Amino acid sequence: MPPIDKKILMRAYRDQLKADKDKYQQHLSNERQRDKERRQLNKRKEKDDEKLLLERRKRVLERVRNHRNKLKLNSAASINDTSLIGSYKCRQSFGKAINRLKKNLPNSPSKKSAVVKKLVLDIGMNLREDLNKSVRLPHRVLSEEHKKCIRNFYCSDTISRQAPGKQDVKSVKCEKTGKRANMQKKAFNYDNKRGV
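Residues numbered from 1 in each chain as written. Predicted model: local features only at pLDDT ≥ 70, side-chain atom pairs only at ≥ 80, totals over all residues. Heavy atoms only, no water.

Section: the packing of aromatic side chains
Tallied over the full model, the rule gives two aromatic pairs. Ring geometry for F153 against Y154: centres 5.2 Å apart, planes inclined by 75°, an arrangement best described as edge-to-face. When its relative accessible area of 39% is taken as the criterion, F153 is described as partly exposed. Residues Y154 and F188 carry aromatic rings whose centres are separated by 5.5 Å and whose planes lie at 70° to one another, so their mutual orientation is edge-to-face. Linking Y154 in helix 7 (residues 144–155) with F188 in strand 4 (residues 186–188), this pair joins segments that are 34 residues apart in sequence. Judged by relative accessible area, Y154 falls into the partly exposed class, the value being 40%. The partly exposed category is assigned to F188, whose relative accessible area is 49%. (Phe/Tyr/Trp six-rings, centres within 6.5 Å; stacked < 30°, edge-to-face > 60°. Buried < 20%, exposed > 50% of the residue type's maximum accessible area, 1.4 Å probe, protein only. Helix = DSSP H or I, 4+ residues; strand = E, 2+ residues; numbered from the N terminus.)

Here you go:
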């Protein structure tokens, strides 16, 4: 019979420990005590030996440096394009600057866009190139065939009924020709909650 993998044995041992809550809590307290004793022993050794102390400090410095580099990489990945925040060191200060600018812009949307356009022109940025660089999702537009199917569905007699009076008409502008035509009003046979 081949030997059982140590990982499987350890997993079974842990599951067995966790099954009994009291034993598991006792195990955890024993582990904490052993860790505390080990740390105290290492401190006593480091007091006696300067070389061990320097080695531990180097390990800690290396660990901290690696952690900070990892954080920098993650923050750089979260900001897709670093040119968006310019010379600002973090997103928070960049956001604060934007909020200060927004407070001073006019309330009217047209005036606001005019002021921003003027600022862009004064700075000398090429707005079209910058906008083209940013990734945009394609705009979804219904095709004429789909529009026709939807119109035919809602105009069918099973879905809606036509108003009886001659005056019950609505003037609708044709998209292709631009001319207006009268169309008879229709009412749904079903309410929106019930559906078809």
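A look at the confidence of the model for the chain
For any part of a model where pLDDT is low, the fine detail of the predicted coordinates should not be relied upon. Of all residues in the chain, 83% attain a pLDDT of 70 or more, and the chain-wide mean is 82. Of all secondary-structure elements in the chain, the lowest mean pLDDT belongs to helix 6 (residues 127–133), at 58, while helix 2 (residues 21–48) reaches the highest, 91. (pLDDT = per-residue confidence, 0-100.)

Overview of the side chain of S160
Its place among the elements puts S160 in strand 1 (residues 160–162). Judged by its relative accessible area of 2%, S160 is buried. From its side chain, S160 meets the backbone oxygen of Y154 in a polar contact 2.6 Å long. (Polar contact = N/O pair within 3.5 Å; in protein donor to acceptor, adjacent residues only side chain to side chain.)

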